[in-house]
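Understanding the architecture of this molecule
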Amino acid sequence: MADIKLQEKYAELALRTGVNLQKGQALMINAPIEEAGFTRIVVRKAYELGAKDVTINWQDDEIFLLKYQYASEKVLTDIPQWFVDKYLSYAKDGAALLNIKSTNPDLLKDVDSAKVAKATKANAEAMKEFRQYTMNDRMPWTIISIPTGDWAQKIFPEYDKETAKEKLWEQIFKIVRVDQDDPIAAWDEHNKRLENAREVLNQKQFTKLIFTAPGTDITFELPKGHIWKGGGAKTPDGRHFNPNMPTEEVFTLPHKYGVNGTVASTKPLIYGGNMIDNFSLTFEDGKVVDFTAEQGYETLKHLLDTDEGAKRLGELALVPDASPISQSGLVFYNTLYDENASCHIALGKAYPTNLQGGSEMSDEQLDQHGVNDSLTHVDFMIGSKELDIDGVTSDGSIEPVFRKGAWALDI
Ligand code: ZN
Ligand code: ZN
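Residues numbered from 1 in each chain as written. Chains lettered and ligands numbered in written order. Predicted model: local features only at pLDDT ≥ 70, side-chain atom pairs only at ≥ 80, totals over all residues. Heavy atoms only, no water.

Focus: the side chain of Glu35
Of note, Glu35 is situated in the loop between β1 (26-32) and α2 (36-48). Take Glu35: its relative accessible area is 15%, and that puts it in the buried class. (Helix = DSSP H or I, 4+ residues; strand = E, 2+ residues; numbered from the N terminus. Buried < 20%, exposed > 50% of the residue type's maximum accessible area, 1.4 Å probe, protein only.)

Overview of the coordination of the zinc ion (ligand 2)
Coordination of the zinc ion (ligand 2) by the protein comes from Glu315 (OE), His377 (NE2), Asp379 (OD) and Asp379 (OD), over a distance range of 2.0 to 2.4 Å. Read in sequence order, the donor residues for the zinc ion (ligand 2) give the motif E-x61-H-x1-D. Between the zinc ion (ligand 2) and the zinc ion (ligand 1), both coordinated by Glu315, there is a metal-metal distance of 3.5 Å. On the basis of relative accessible area, Asp379 is assigned to the buried category, the value being 10%. (Donors = N, O, S within 2.8 Å, 3.2 Å for Na, K, Ca; no water.)

Side note on the pattern of salt bridges
The final tally for this structure, using the stated rule, is 26 salt bridges. The salt bridge involving Glu189 is made with Arg193; its shortest N-O contact spans 3.8 Å. Pair noted here: Glu189 and Arg193 are both in helix α10 (residues 183-204), with a separation of four residues, about one helical turn. Here Glu189 falls in the exposed class, since its relative accessible area comes to 52%. Residue Arg193 is classed as partly exposed on the basis of its relative accessible area, which comes to 47%. (Salt bridge = Lys/Arg side-chain N within 4 Å of Asp/Glu carboxyl O.)

Some points on the environment of Asp338
Along the chain, Asp338 turns up in helix α13 (residues 335-338). The contacts of Asp338, once residues within four sequence positions are left out, are Lys267, Leu330, Val331, Phe332, Tyr333 and Met381. Among the polar contacts listed, one links the side chain of Asp338 to the backbone nitrogen of Phe332, at a separation of 2.9 Å. In this structure the side chain of Asp338 is engaged in a polar contact, spanning 2.9 Å, whose partner is the backbone nitrogen of Tyr333. (Contact = heavy atoms within 4.5 Å. Polar contact = N/O pair within 3.5 Å; in protein donor to acceptor, adjacent residues only side chain to side chain.)

Details of the domain arrangement of the chain
Examined at the domain level, the chain breaks down into domain 1 (4-175) and domain 2 (183-231 + 247-407). Each partner contributes residues to the interface: domain 1 has 36 residues there, and domain 2 has 32 residues. The junction of domain 1 with domain 2 conceals about 2,900 Å² of combined surface from both sides, 66% of it contributed by carbon and sulfur atoms. On the domain 1 side of the contact with domain 2, Pro105, Met135 and Ile175 bury the most area, a combined 23% of that side's loss. At the boundary of domain 1 and domain 2, one finds one salt bridge. Note that Asp137 and Lys229 form a salt bridge whose closest N and O atoms lie 2.8 Å from each other. (Domains from an automatic or database assignment. Buried area = accessible area lost by both parts, 1.4 Å probe.)

Quick notes on the coordination of the zinc ion (ligand 1)
Looking at the metal site, the zinc ion (ligand 1) is ligated by Glu249 (OE), Glu315 (OE) and His344 (NE2), spaced 1.9 to 2.2 Å from it. Positions of the donor residues of the zinc ion (ligand 1) along the chain correspond to the pattern E-x65-E-x28-H. The exposure class of Glu249 is buried, given its relative accessible area of 6%. Taking the relative accessible area as the measure of exposure, Glu315 reaches 3% and is therefore buried.

Looking at the pairing of strand β13 (residues 274-284)
In terms of burial, β13 is a largely internal element, eight of the eleven residues being buried. Looking at chain direction, strand β11 (residues 259-264) and β13 are connected through four bridges and run antiparallel. Within β13, the position partnered with Thr262 by the bridge is Thr282. Joining the antiparallel neighbours strand β12 (residues 269-271) and β13 is a turn of two residues, in which Gly272 adopts a positive phi near 55 degrees. In this sheet, strand β14 (residues 287-295) lies alongside β13 in antiparallel orientation, the contact comprising seven bridges. Looking at β14, one finds that Phe279 is bridged to Ala293. In textbook terms, the turn of a hairpin is the stretch between consecutive antiparallel strands, and for β13 and β14 this stretch comprises two residues, one of which, Asp285, has a positive phi near 45 degrees. (Pairing = 2+ DSSP bridges.)

What follows is the structure, encoded as structure tokens:
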């Protein structure tokens, strides 16, 4: 059993620094039923902090898999309105959302990938209105992870499930700074560091970033008025929250029509219960025109075929190779962890908040400013200790931004 004291600290950190729960606010939690004990701690702490109501959407990998094995495609793609309304009613009530993610990365590996793609797309379509709340910072939300047996064993295959979970708890506590005396103060300091990096880049307003590494030679044009974010977000009424725990990234958006060259993945991508590994994408004027994958080619193809926007990019994030997650030397097979170990980009929808005035723009205006739209948003990792990044300034001069996976700017 993982240290209960540390679990309590972790729960409190997720509620205070993560969603920044307020007195009288409702809280919705998506949580794995396999580790219900941790969620019960979160619920107790939430009420102690003054939550008016806490609702849980329990998630069970085994039952989720059974549905894919037995339910018809029609059932899988017909998302009931009550399901959507539940989320919307909490969002409209100003609730906070805590996502506890711990999915077995191989869960759907034997299910037809076309079926998974259709169900994923139907779900994204149904949740479009709700996603406006999270992607525009209209409600406080956060994603954290806790160990479950299958996931932990994927990372530590040499151990039995219980030991693997212990090992993973240890890593998680360290990476999210729960092992420190005052995790909340440690996060305040960490957020300040990320905010500083973000400010430096916002001042620079590079027009382009050029990435070079083995298998990678690509230029990302950055839209005029792009904003670097990182170190947390703010709701419209100014309350700070951290959408991801851990987070080590500063991120902005590449111009949806301004990406040219080839980029190689540096870590596996888990998508739709399947693994895509050792893949590369080639872009012309922002659109994927060619791709390869040693593993998961079909899954990658389905992802790119989700819609027009899935072939373009919506995020560009910088993470130094010295990040604590990268230093653990582990591959977590979980995007929340792996993306914070590495520079990454995302296929699909961009955050409108990454552009001056973006939150108030119409779809057409967003398009004109190079802000991508899609039903999907999937991060994948392209950073390594061999990555160099150059920034092009508005007068055309070139400045080193990253050298050998580390900041070359004064950050
Ligand atoms: Zn990111
Ligand atoms: Zn992302």
